[in-house]
Amino acid sequence: MSIVIYNTLTREKETFQPLEEGKVKIYVCGPTVYNYIHIGNARPAIVFDTVRRYFEYRGFDVQFVSNFTDVDDKLIKAANELGEDVPTIAERFIHAYHEDVSALGVRKADCHPRVTETMPEIIDFIDQLIAKGYAYEAEGDVYFKTRAFEDYGKLSHQSINDLRSGARIEIGEKKHDPLDFALWKAAKKGEISWESPWGKGRPGWHIECSAMAKKFLGDTIDIHGGGQDLAFPHHENEIAQSECLNEAPMARYWMHNGYININNEKMSKSLGNFVLVHDMIKEHDPQVIRFFMLAVHYRNPINFSNELLESAKTGLNRIRTAYENVKHRLSISANLAQNEEKWTKKIEELRQDFIREMDDDFNTANAIAVLFEAAKEANLYLQEENTSTTVLSAFIGLFEELTGVLGLTLTKEEELLDEEIEALIQERNEARKERNFARADEIRDELRAKNIILEDTPQGVRWKRQS
RNA sequence: GGCGGCAUAGCCAAGUGGUAAGGCACGGGUCUGCAAAACCCUUAUCCCCCGGUUCGAAUCCGGGUGCCGCCUCCA
């Protein structure tokens, strides 16, 4: 079996064929770091982190690159408003980005290039485009000749003549054609700038990704990802730049994740209807947020609300509880093997189901359904009087393996075992032996008030902290 | 005006030709001193509407309705 990916370029699911056997090169457009990220921005981070993890799980050597746009109009605007300089702001929000996203279980990319650190390559890229006749200078700006690239529109399936260029794009007087877009912008007075053959200025937005992908991954990469709203014009422009220069396809597979909506409308900074990850992880378990996002297929929109997050929390807890149940039994179980073969086989089936679902365009929604099934099977197994440590361990291994692929963790940081709690449980046990249930319940209520939940299992009392 | 997506139970959500996964919520039961956790059962005769193709469609085709997105910075 192999992995199938929905390719925006062809609008079809295609069997993944790596450029180089056993290797995957992935480039994902990262954030412009002028503010904290909102949960809509977090979606591609989570989605492509999961894609990366899955490729690794399937034995691929993954090269994962994701950039930071650390200089552009918005950063300059923010700098002016805050009275700080661009690098300071960029640095602050790059730091915040890593913090927010790592709380959500997103691993760092192999490489996080920044625009300001890729300046020579960007300038060289533009220079070569001019040399090849695909771009021209105009009073310190450099523009790409969109109509010179005959495949323009192939990603978003737009005909170049149908674009509402005149109507909505402000036609710069310097442009020869309204469809042309900026590769280099001349610096205005006092703006942060870099020296270039065309004078002081800074790169346009699209060129950075073309330059970085080329620099770190090569002329053609396997997968290029990002949010749906980047398909046009950002990715379309990247393709134009890169393919004109390199004369090779920029990426073989283009993946685009759907939006997070609020009240059925796209969450965006411009609409103002956003929730910052920074704030949200103070209120909610970040793992629940990740679980919530992965419970929907990555290409479909997610309507966000606190109610749905609560429901996701209950769901994730169900899986966590099953895992804890198995662990608890393992810690007290003697190895009385029974039906080992049957259960080992069952566990392997679950693993294969999971792989089958993930192979199908990373269907995490169905993969999570397999986790629920695993939870159910594990709980059923625990109803048997005698359990095998082999099977219990296999269940634990399965849970850890599969949730690991999704970037989910099942345990929270172990809090110190409170001797007072243990003592109270002891006292309650005594009370129960004496059938002094009033006192027993009192102790249980007391502990519950401190978020300690007691469970009287056939194998003894266990306690846990409420999540 | 161009391009695209979505519409499945109270809610969320898979499924794209073979007779409706899963989760949350609800109800009944088992277990328990009572709980907790767990398990079992129940919950859409049907997948926005109207036609068509087919032995057979939620799934394909045509038409319609509604919602959303891109075409401007945006994940």
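About the criteria used
Residues numbered from 1 in each chain as written. Chains lettered and ligands numbered in written order. Predicted model: local features only at pLDDT ≥ 70, side-chain atom pairs only at ≥ 80, totals over all residues. Heavy atoms only, no water. Helix = DSSP H or I, 4+ residues; strand = E, 2+ residues; numbered from the N terminus. Contact = heavy atoms within 4.5 Å. Pairing = 2+ DSSP bridges. Core = buried A, V, L, I, M, F, W, Y, C linked by side-chain atoms within 4.5 Å. Buried < 20%, exposed > 50% of the residue type's maximum accessible area, 1.4 Å probe, protein only. Domains from an automatic or database assignment. Salt bridge = Lys/Arg side-chain N within 4 Å of Asp/Glu carboxyl O. Axes fitted to C-alpha atoms, helices over the stretch in contact; angles between N-to-C directions. Parallel < 35°, antiparallel > 145°, perpendicular 65-115°, else oblique. Left-handed = near helix turned anticlockwise from the far one by under 90°. Nonpolar A, V, L, I, M, F, W, Y, C, P; charged D, E, K, R; others polar. 1 Å grid on protein atoms, 1.4 Å probe; cavity = no way out; pocket = protein on both sides within 12 Å on 5 of 7 lines; lining within 4 Å. Points joined across faces, edges and corners; volume = space filled by probe spheres on them.

(A) Up close: the environment of His 278. Its location among the elements puts His 278 in helix H8 (residues 277-283). For the pair formed by His 278 and Tyr 97, sequence separation is 181 residues and the distance between their alpha carbons is 8.8 Å. With residues near it in sequence (within four places) discarded, His 278 still touches Tyr 36, Ile 37 and Asp 100.

(B) Just the pairing of strand E15 (residues 460-465), in detail. Here strand E14 (residues 452-457) runs beside E15; their pairing, made up of six bridges, is antiparallel. Bridge assignment links Asp 456 to a residue of E15, and that residue is Val 461. The hairpin formed by E14 and E15 contains two residues between the paired strands.

(C) Region of interest: the nonpolar core. Counting 130 residues, the largest nonpolar core has Phe 55 and Phe 399 as the members making the most contacts within it. Structurally, this core is a two-domain feature, drawing no fewer than three residues from each of domain 1 (4-302) and domain 2 (311-405). If we ignore the near neighbours within four places in the chain, the residues touching Phe 399 are Ile 319, Ala 322, Tyr 323, Val 326, Leu 371, Ala 374, Ala 375, Ala 378, Gly 404 and Leu 410. With seven residues, the next largest nonpolar core counts Ile 421, Ile 425, Ile 443 and Ile 452 among its residues.

(D) Expanded view of the pattern of salt bridges. Scanning the model with the defined rule gives 39 salt bridges in all. As a salt-bridge pair, Glu 91 and Arg 114 come within 3.0 Å of each other at their nearest N and O atoms. With Glu 91 in helix H3 (residues 86-103) and Arg 114 in the loop between H3 and helix H4 (119-131), the pair connects residues that are 23 residues apart, well separated along the chain. Exposure remark for Glu 91: the relative accessible area of 42% places this residue in the partly exposed category.

(E) Representation of the side chain of His 98 in the model. With respect to the secondary-structure elements, His 98 resides in helix H3. Take His 98: its relative accessible area is 19%, and that puts it in the buried class.

(F) Just the packing of helix H6 (residues 205-217) against helix H7 (residues 231-246), in detail. Two elements in contact, H6 and H7, have axes whose closest approach is 8 Å; the angle formed by their N-to-C orientations is 50 degrees. The orientation of H6 relative to H7 falls into the category oblique. The way H6 lies across H7 gives a crossing that is right-handed. Residues Trp 205, His 206, Ile 207, Cys 209, Ser 210 and Lys 214 of H6 lie in contact with H7, whose contacting residues are Pro 233, His 234, Asn 237, Glu 238, Gln 241, Ser 242, Leu 245 and Asn 246. Tallied by class, the residues present in the contact of H6 with H7 amount to five nonpolar, seven polar and two charged.

(G) Focus on empty space enclosed by the protein. For the structure on display, the rule yields two cavities of 30 Å³ or more. What lines the largest cavity is Arg 43, Val 47, Thr 50, Val 51, Met 293, Leu 294, Val 296, Tyr 298, Phe 362 and Thr 364. Listing elements by their share of the lining of the largest cavity, those giving two or more residues are helix H1 (39-57) and helix H9 (286-294). By residue number, the principal contributor to the lining of the largest cavity is H1, which donates four residues.

(H) Inspection of the sheet that holds strand E7 (residues 181-186) at higher detail. Sheet architecture is open: four strands sit in the order E5-E6-E7-E8, paired in antiparallel fashion. Strands at the two margins of the open sheet, each flanked by one partner only, are strand E5 (135-138) and strand E8 (201-203). Within this sheet the neighbouring strands show an average axis-to-axis angle of 20 degrees, counted without direction. Summarising the sheet, E5 and strand E6 (residues 141-144) pair through four bridges and their orientation is antiparallel. Residue Tyr 136 lies in a different strand from E6, and its bridge partner there is Tyr 143. Across the face of the sheet, H4 comes into contact with E5, E6, E7 and E8 while running at roughly 120 degrees to E7.

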